Amino acid sequence: NVLVELTATRRAGMHRYTYPPTDAANIILDLAHRDKVTDSGLRITGPTTIVGWRRSQAWAKDQLVFFAAEFSQPFTEFGIAVDDKLRQGQKEADGKNLKAYFRFNASSGAPVLLKVGISATSIDGALLNLAAEIKGWDFDAVRLAASQAWETELRKIEVSGGSETQLKNFYTALYHTMTAPNLFMDVDGQYRGRDFKNHQASGFENYTVFSLWDTFRAAHPLYTIIDQKR
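Residues numbered from 1 in each chain as written. Predicted model: local features only at pLDDT ≥ 70, side-chain atom pairs only at ≥ 80, totals over all residues. Heavy atoms only, no water.

Caption draft 1: How the structure looks around the overall build of the protein. When you go through the protein residue by residue, the secondary structure sums to four helices and 15 strands. Structurally, the protein occupies a C-alpha span of about 55 × 45 × 30 Å along its principal axes. Buried positions account for 36% of the 230 residues belonging to the protein. For the protein, the share of sequence-separated contacts (at least 6 apart) that also reach a separation of at least 24 residues comes to 58%. When the accessible surface of the protein is summed, it comes to about 13900 Å², and 54% of that surface belongs to carbon and sulfur atoms. Computed over 27 positive and 26 negative side-chain charges, the separation of the two mean positions in the protein equals 4 Å. (Helix = DSSP H or I, 4+ residues; strand = E, 2+ residues; numbered from the N terminus. Buried < 20%, exposed > 50% of the residue type's maximum accessible area, 1.4 Å probe, protein only. Contact = heavy atoms within 4.5 Å. Areas by Shrake-Rupley, 256 points an atom, 1.4 Å probe, with all protein chains shown as cover. Lys, Arg positive; Asp, Glu negative; His and termini not counted. Charge placed at Lys NZ, Arg CZ, Asp CG, Glu CD.)

Caption draft 2: Representation of the sheet that holds strand S5 (residues 49–57) in the model. Strand order in the open sheet made by the seven strands is S1-S2-S11-S6-S5-S4-S9, with antiparallel pairing throughout. For this open sheet the edge positions go to strand S1 (3–8) and strand S9 (92–95), each flanked by a neighbour on one side alone. Shown here is a sheet whose adjacent strand axes are inclined to one another by a mean of 15°, direction ignored. Where strand S4 (residues 36–44) lies against S9, four bridges are found, and the strand directions are antiparallel. By the bridge assignment, Ser40 is partnered in S9 with Gly95. Contacting strand S2 (12–18), S4, S5, strand S6 (63–71) and strand S11 (112–119), helix H1 (residues 123–133) crosses the sheet at an angle of about 125° to S11. (Pairing = 2+ DSSP bridges. Axes fitted to C-alpha atoms, helices over the stretch in contact; angles between N-to-C directions.)

Caption draft 3: Fine view of the environment of Gly95. Position of Gly95 among the secondary structure elements: in strand S9. By relative accessible area, Gly95 is classed as buried at 15%. Leaving out residues up to four positions away in the same chain, Gly95 has contacts with Val37, Asp39 and Ser40.

Caption draft 4: Representation of the packing of aromatic side chains in the model. For the coordinates displayed, the defined rule picks out ten aromatic pairs. Ring centres 4.7 Å apart and planes at 55° place the aromatic pair Trp150 and Tyr175 in the tilted group. You can see Trp150 sitting in helix H2 (residues 139–154) and its partner Tyr175 sitting in helix H3 (residues 164–176), a full 25 residues away along the chain. Where Tyr191 meets Phe204, the ring centres are 5.9 Å apart and the plane angle is 70°; that geometry is what we call edge-to-face. Residue Tyr191 is located in strand S13 (residues 190–192), and its partner Phe204 is located in the loop between strand S14 (198–200) and strand S15 (207–208); the two are separated by 13 residues in the primary sequence. Given a relative accessible area of 38%, Phe204 falls into the partly exposed group. Cation over ring: Lys115 sits above Trp137, and NZ or CZ is 4.2 Å from the ring centre. (Phe/Tyr/Trp six-rings, centres within 6.5 Å; stacked < 30°, edge-to-face > 60°. Lys NZ or Arg CZ within 6 Å of the ring centre and 35° of its normal.)

Right under this line is the structure:
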């Protein structure tokens, strides 16, 4: 019975959790989830803030993501688990299997919000991205901006006629052509290159994950029509 809402900017995400009234509303951070973790770190830097990083391998052999997160209210309790063993009171850890929990008083019924900035270059980059792109706590404003950004892209092609199902299929397919490549650069122009070193961009945006696997058949010809500048 927890309502979870998620939205995003170009380099940050925002969460809104609405709990049934309780003084023990929990959020779990699981750095071991998803692909094979080769190393990770987590540090609680204040009563509402966390920073960390995660290095993993799967399709990408060496994938590194830094993050900085801030809650809308102080947590009343927290704990970090290393290799699934809870280390109560510890504020910092590193390893291949890290998890943490954060508990909040949600007795009033007000939602708990969380905003997270990510970066491929550093924790400082993640902090910078978060500060630049989500300044306050207006979840609906961030969601509206995201919706408007997608609307700008999707209205590059206007379709009429057909059934509602056919229209949904068309615009879902168009959306799928726009999920890659991914922006891979901090707001200050710093980015992690293919040499695994940080570089400074000047006059361009750096992207990653732009596969040519079958996309040359239809996606790339489409881009020459609807996304000529990029």
